[in-house]
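Here is how the chains run, residue by residue.
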Amino acid sequence: MGTLRGEQIIAQSFKREGVDTIFFMMGGPTGGTAGACIDLGMKGIYVRHEQAAAMMAHAYARVTGKPGICIAPMGPGVANLVTGLGNAWADATPVIAIGGAAPMRGTTLDTFQEMDQIPMMRPIVKAAYRVDLGYRIPEYISIAFREALDGKRGPVYLDLPGDVLAGKVEEEKIHWVEGNSRVESRPAGDPALIREAIQLLVKARRPIVLTGSGVLWSRAENELQNFIEATGIPFFTTPQGRGVVAEDHPRSFPGARSTAFREADAVLLIGARANSMLSFLRPPRFSPDAKLINVNLDGKEIGHNRAADIGIIGDARLVLGQLTAEAAGKFDATEETDWVAQLGVKHRSNMERSAPLLHSDAVPIHPLRLCNEVKEVISRDTILVVDGHEILNFARQSIPIYQARCSLNAGPHGCMGVGIPFGIGAKVARPDLPVLVLSGDGAFGWNGMEMDTAIRHQLPIVVVVSNNGGFTSRKTGGSVGRDLGFQRYDKMVEALGGYGEFVEQPSAIRPAIERAIKSGKTALVNVCTDPDAQATTDMGFAGY
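What counts and how
- Residues numbered from 1 in each chain as written.
- Predicted model: local features only at pLDDT ≥ 70, side-chain atom pairs only at ≥ 80, totals over all residues.
- Heavy atoms only, no water.
- Helix = DSSP H or I, 4+ residues; strand = E, 2+ residues; numbered from the N terminus.
- Expected span 1.5 Å × (residues − 1).
- Phe/Tyr/Trp six-rings, centres within 6.5 Å; stacked < 30°, edge-to-face > 60°.
- Lys NZ or Arg CZ within 6 Å of the ring centre and 35° of its normal.
- Pairing = 2+ DSSP bridges.
- Axes fitted to C-alpha atoms, helices over the stretch in contact; angles between N-to-C directions.
- Contact = heavy atoms within 4.5 Å.
- Parallel < 35°, antiparallel > 145°, perpendicular 65-115°, else oblique.
- Left-handed = near helix turned anticlockwise from the far one by under 90°.
- Nonpolar A, V, L, I, M, F, W, Y, C, P; charged D, E, K, R; others polar.
- Salt bridge = Lys/Arg side-chain N within 4 Å of Asp/Glu carboxyl O.
- Buried < 20%, exposed > 50% of the residue type's maximum accessible area, 1.4 Å probe, protein only.

S.K.: Teacher, can you tell me more about helix H3 (residues 50-64) here?
M.R.: Given 3.6 residues per turn, any residue in an α-helix points the same way as the ones three and four places further on. Taking 1.5 Å per residue as the helical rise, H3 with its 15 residues ought to reach 21 Å, and the 21 Å between its terminal C-alpha atoms agrees with that figure. Looking one or two residues beyond H3, the residue adopting positive phi is Gly65, at roughly 85°.

The structure is reproduced here in structure tokens:
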């Protein structure tokens with residue numbers, strides 16, 4: 001038997017866990033870890049900033065359902081992971097982060113880049129461990145995967161000192177984790193509570209279904225559609241849960257979202273948290289008299305911020321199957337009730353109200369015209385990534401999502417700068433699908449140099465920048481620190497070897513995007529938009 005370095009043990013452990021891609025920044029002491037992974041056949045995407053590596057791993061996880069892997073060098077490199085991991089934590093997304101650390105033999109000596117990294121990570125991950133013995137690395141990797149995927153998902157951080165990574169371990173002493181250490185069992189809901197939930201929904205006059213990311217992680221989109229079509233109940237999603245049912249479904253009324261939330265007398269909440277994205281389920285956003293059926297895999301989420309009339313702990317896919325079976329024969333799914341008719345009228349009214357801006361020929365270009373052009377040019381299976389402030393809201397209001405795992409955005413933390421890294425992570429995860437990033441110019445600046453990463457790795461994502469010359473509308477954020485100028489980001493991408501176009505006229509938007517797609521390159525279309533256009537929360541397609 002021979003010996004293996006700690007970094008080789010990590011790579012072999014990843015291989016056993018089915019890892020096929022890593023996102024990393026080169027540097028000490030983790031450069032050898034990335035190299036060992038690549039030697040074993042894993043795809044290695046090396047980035048310009050560690051934050052972007054964490055964000056790419058986040059998007060990869062969202063699209064594939066598997067944990068994303070990011071690796072960073074010690075000290076400042078690990079610190080740069082914090083924003084990306086914090087955002088993954090807020091978004092309940094499984095990411096395994098490997099951070100290099102100063103060698104253990106130098107602890108307390110002020111060794112180069114020595115930092116106490118575990119306390120820095122603990123508040124923003126599900127778990128954080130320092131690996132101090134090379135022969136136990138496989139156990140820690142196994143623990144990390146199980147923690148990341150157990151119940152409500154989230155990131156896990158492993159701290160690897162340089163001497164543990166470089167140290168040699170005799171193979172017979174390594175604690176390999178044999179077989180599959182993770183189970184795929186799914187908890188079903190209590191049958192008595194399933195019956196109570198259906199009885200409540202049958203009696204309700206204005207029921208809605210409201211779902212979140214839990215339906216995506218459970219891969220329960222088919223079960224959700226079956227339930228909607230068995231009951232005829234109108235459905236809505238959180239921004240992060242879009243696409244589980246196509247938003248042109250007959251029971252989808254996103255333009256009536258505010259009305260539905262405010263007037264519903266029964267809410268079936270599945271796989272979503274009562275956080276700020278849903279106004280904590282509290283009045284005036286939701287009626288204080290509405291009955292709440294709360295279904296979640298994580299029992300701590302049931303009753304959080306609003307008491308549940310019926311709380312069901314269970315996996316979204318199994319519970320939806322149970323609810324559909326119990327609903328059989330109890331609903332007329334084709335009936336257009338007064339409630340369905342009311343929501344339909346409100347939805348159409350909001351769409352008609354925004355129509356003039358969707359087709360406006362004004363110059364500078366209104367962001368809704370840009371969104372409409374994007375909507376018209378992309379396919380139903382395009383993965384759409386949206387990043388920014390005004391453009392994020394305008395896009396959410398005007399561009400429907402038709403398929404699961406085809407919508408990515410900043411998430412509950414509203415983290416700016418995710419656009420380009422998310423686009424790259426999504427494209428690596430699904431190279432067979434088109435990926436379009438719609439980003440504000442301010443948001444683009446955070447990780448714009450990752451366009452170089454996409455170009456180097458020949459990842460043909462298309463980025464459309466809504467360039468209003470600043471971080472927000474002039475009417476939203478005022479003037480202090482807002483102005484960025486109408487910079488030529490397209491020239492930057494051209495200089496890096498990609499495809500770029502600059503657009504100032506509405507009629508030129510769609511042809512430019514089409515040329516960018518046909519170029520087969522990493523591309524950026526830089527569109528000058530109205531700096532005074534301000535997104536509101538009740539306009540357009542999604543009615544936020």
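S.K.: How should I be thinking about the packing of aromatic side chains in this particular structure?
M.R.: For any pair of aromatic rings, the description rests on two quantities: the centre-to-centre distance and the angle between the ring planes. A complete count under the given rule lists eight aromatic pairs for this structure. Directly above the ring of Trp176 sits Arg16, whose terminal nitrogen or CZ lies 4.3 Å from the centroid. One Lys or Arg, Arg380, reaches over the ring of Tyr402 and ends 3.7 Å from the middle of that ring.

S.K.: I keep staring at the sheet that holds strand S7 (residues 156-161) and nothing clicks. Help me out?
M.R.: Across a sheet, strands are paired by hydrogen bonds formed along the backbone, either parallel or antiparallel in direction. One open sheet holds the six strands; their spatial order is S3-S2-S4-S5-S7-S6, and the pairing between them is parallel. Strand pairing shows two members of the sheet lacking a second neighbour, strand S3 (43-46) and strand S6 (127-130), which therefore form its edges. For this sheet, the mean inter-axis angle between neighbouring strands, taken without regard to orientation, is 20°. Relative to strand S4 (residues 68-72), strand S2 (residues 21-24) runs parallel, the two sharing two bridges. Within S4, the position partnered with Phe24 by the bridge is Ile71. Most of the contacts of helix H2 (residues 31-39) go to S2, to which it runs at about 155°, and overall it touches S2, S3 and S4.

S.K.: Sorry, what's going on with the sheet that holds strand S17 (residues 462-467) here?
M.R.: The six strands lie next to each other as S15-S14-S16-S17-S19-S18, forming an open sheet whose pairing is parallel. On the outer flanks of this sheet lie strand S15 (407-408) and strand S18 (499-503), each paired with one strand and no other. By the bridge criterion, five bridges tie strand S14 (residues 383-387) to strand S16 (residues 435-440) in an arrangement that is parallel. Note that in S16 the partner of Asp387 across the bridge is Ser439. Here helix H17 (residues 419-429) sits on the sheet in contact with S14, S15, S16 and S17, set at roughly 175° to S16.

S.K.: Can you help me understand the packing of helix H15 (residues 367-377) against helix H22 (residues 509-519) in this one?
M.R.: What describes two packed helices is the angle between their axes and the distance between those same axes. The geometry of H15 relative to H22 is characterised by a closest axis approach of 9 Å and an angle of 45° between their N-to-C directions. Relative to H22, the element H15 is oriented oblique. Crossing of H15 over H22 shows right-handed handedness. Here Arg369, Leu370, Glu373, Val374, Glu376 and Val377 of H15 come into contact with H22, specifically with Ile509, Arg510, Ile513 and Glu514. In terms of residue class, the contact of H15 with H22 is built from five nonpolar, no polar and five charged.

S.K.: Would you explain the pattern of salt bridges in this entry?
M.R.: Once the charged atoms of two side chains with opposite charge are near each other, the side chains can pair. Tallying each qualifying case throughout the model produces 26 salt bridges. Residue Asp309 is joined to Lys291 by a salt bridge in which the shortest nitrogen-to-oxygen separation is 4.0 Å. Within this pair, whereas Asp309 is found in the loop between strand S12 (291-296) and strand S13 (310-313), its partner Lys291 is found in strand S12, the two being separated by 18 residues in sequence. The class for Asp309 is partly exposed, based on a relative accessible area of 43%. Lys300 is the partner of Asp298 in a salt bridge, and the nearest nitrogen-oxygen pair spans 3.1 Å. Overall, the relative accessible area of 9% leaves Asp298 in the buried class. Several salt bridges share partner residues, and in doing so they unite Asp361, Arg369, Glu373 and Arg510 into one network.

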